[in-house]
Amino acid sequence: MESEPDLHALLRSLRVWDTELPAFDPAATPAEPVPLFVEWFAAAVAAGQTEPHTPSLATTDAEGRADVRTVMLHGADPDHGWQFASHSGSAKGRQLAARPYAALGFYWPVLGRQVRVRGTVRTAPAEVAHADLHARSTGALAAALVGHQSEHLSSYEELDRASQSAWELAQRAPETAVPTWTAYELAPNEVEFFQGDARRRHVRLKYSRTEDGWAKELLWP
Ligand SMILES: Cc1cc2nc3c(=O)[nH]c(=O)nc-3n(C[C@H](O)[C@H](O)[C@H](O)COP(=O)(O)O)c2cc1C
């Protein structure tokens, strides 16, 4: 039998910010966070970052206890904020209905960059979720059609059967609506850009929403 891995030895052997990292000059940044996010996102893609569009989404439940999971980013712009989609009846959907605040965390290790977005979450019109889902792959539609997200599953065979009929329906009737599939828009109050540095002189630039725009400040790392 193989011996159990030594977690502490593994942890001690790992490094962060051990590569050539880009410089970040906060003085040369735009007045608003979205253009800088798009610039950093494009740089992460160009640098070969795997799945740069899969941030962690943090929410809180009705008792104020934190929860977190990965979602796919569907867009980011000044009018609609940071966009993602999920089922309204899932744990996150119920949490967002009770407490419409969330945070997104992106980490792009190839560039040593982190972006944090915090704000208020609203639900986009149902047509937006429908159009977004139906512009995606048959697999995405089939996955959404399966539904029941975050409910108890009694057996894997049950999922197999549901998935099989969802695929058949998605192929036969690709315009089928998924009423629980919901597009969410996170309107940010704060967006922080973190550039890691090998000598630990990390640069942190935080945008905070003001009455008429955005304020920028540096933070100690
Ligand atoms: C890479 C990746 C992308 C994911 N994207 C989504 C997504 O866009 N929407 C979604 O509802 N779940 C997505 N999931 C699944 C969620 O992480 C989570 O398991 C599911 O939404 C249930 O979360 P909840 O119980 O907190 O509601 C993704 C998971 C991974 C690993």
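Up top you'll find the structure we're talking about.
Residues numbered from 1 in each chain as written. Predicted model: local features only at pLDDT ≥ 70, side-chain atom pairs only at ≥ 80, totals over all residues. Heavy atoms only, no water.

Caption draft 1: Region of interest: the pairing of strand β5 (residues 101-108). Only one face of β5 is covered, namely the face carrying Ala102, Leu104, Phe106 and Trp108; the face carrying Tyr101, Ala103, Gly105 and Tyr107 is uncovered. In this structure, strand β1 (residues 56-60) lies alongside β5, joined through 3 bridges in antiparallel fashion. Looking across to β5, one finds that Ala58 is bridged to Ala103. Judged from the 8 bridges that link them, β5 and strand β6 (residues 113-123) form a sheet pairing that is antiparallel. Within β6, the position partnered with Ala103 by the bridge is Arg118. Between β5 and the antiparallel strand that follows it, β6, lie 4 residues; Gly112 among them carries a positive phi value of about 65 degrees. (Buried < 20%, exposed > 50% of the residue type's maximum accessible area, 1.4 Å probe, protein only. Helix = DSSP H or I, 4+ residues; strand = E, 2+ residues; numbered from the N terminus. Pairing = 2+ DSSP bridges.)

Caption draft 2: Broad picture of unusual backbone geometry. Positive phi, close to 60 degrees, is recorded for His148, a residue that is not glycine. Within the secondary structure, His148 sits in the loop between α5 (138-146) and α6 (156-172). Within the chain, Arg200 stands out as a residue other than glycine whose phi angle is a positive 70 degrees. Assignment of secondary structure puts Arg200 in the loop between β7 (181-195) and β8 (203-210). On the accessibility criterion, Arg200 (46% relative accessible area) is partly exposed.

Caption draft 3: Just the packing of aromatic side chains, in detail. Following the criterion strictly, the structure yields 12 aromatic pairs and no others. Taken together, a centroid distance of 5.6 Å and an interplanar angle of 45 degrees make the contact between Phe106 and Trp108 tilted. Taking relative accessible area as the criterion, Phe106 reaches 2% and is therefore assigned buried. Three or more aromatic residues joined by ring pairs make a cluster, and in this case those are Phe24, Trp40, Phe193, Tyr207 and Trp214. The side chain of Arg113 reaches across the aromatic face of Trp40, ending 4.1 Å from its centre. (Phe/Tyr/Trp six-rings, centres within 6.5 Å; stacked < 30°, edge-to-face > 60°. Lys NZ or Arg CZ within 6 Å of the ring centre and 35° of its normal.)

Caption draft 4: Looking closely at the site of the ligand. As a structural note, the neighbourhood of the ligand is formed by Thr54, Arg69, Thr70, Val71, Met72, Ala85, Ser86, Ser90, Ala91, Lys92, Gln149 and Ser150. For the ligand, an oxygen atom lies 3.3 Å from a polar atom in the side chain of Ser90. Of all the elements in the fold, those that place two or more residues in the shell around the ligand are β2 (66-70), β4 (81-87) and α3 (91-98). For the shell around the ligand, a count of residues per class yields 4 nonpolar, 6 polar and 2 charged. (Near = heavy atom within 4 Å. Polar contact = N/O pair within 3.5 Å; in protein donor to acceptor, adjacent residues only side chain to side chain. Nonpolar A, V, L, I, M, F, W, Y, C, P; charged D, E, K, R; others polar.)

Caption draft 5: Up close: the pairing of β1. Only one face of β1 is buried, namely the one carrying Leu57 and Thr59, since none of Ser56, Ala58 and Thr60 on the opposite face is buried. Sheet analysis places β1 next to β2, joined by 5 bridges and oriented antiparallel. Bridge pairing in β2 links Ser56 to Thr70. The hairpin turn running from β1 into β2, its antiparallel successor, is 5 residues long, and Gly64 in that turn takes a positive phi close to 85 degrees.

Caption draft 6: Seen up close, a nonpolar patch on the surface. Taken together, the side chains of Leu7, Leu11 and Leu14 define a hydrophobic patch exposed on the protein surface, amounting to about 320 Å² of accessible area. By secondary structure assignment, the location of Leu11 is in helix α1 (residues 7-13). (Patch = residues over 30% accessible without salt bridge, like charges linked within 9 Å, V, L, I, M, F, W, Y side chains within 5 Å. Areas by Shrake-Rupley, 256 points an atom, 1.4 Å probe, with all protein chains shown as cover. Salt bridge = Lys/Arg side-chain N within 4 Å of Asp/Glu carboxyl O.)

Caption draft 7: Spatial organisation of the layout of surface pockets. The space that makes up the largest pocket amounts to roughly 360 Å³. Lining the largest pocket are 15 residues, with Ala85, Ser86, Ala143, Gln149 and Trp181 sitting closest to its centre. Those elements giving two or more residues to the lining of the largest pocket turn out to be β4 and α5. Its residues placed into classes, the lining of the largest pocket shows 8 nonpolar, 5 polar and 2 charged. Computed from the structure, the second largest pocket encloses a volume of approximately 270 Å³. Looking at the second largest pocket, it is lined by 16 residues, and the ones nearest its centre are Ala58, Ala102, Ala103, Leu104 and Arg118. Put simply, the parts of the chain that give the lining of the second largest pocket at least two residues each are β1, β5, β6 and β7. Here the lining of the second largest pocket is built from residues that sort into 7 nonpolar, 6 polar and 3 charged. (1 Å grid on protein atoms, 1.4 Å probe; cavity = no way out; pocket = protein on both sides within 12 Å on 5 of 7 lines; lining within 4 Å. Points joined across faces, edges and corners; volume = space filled by probe spheres on them.)

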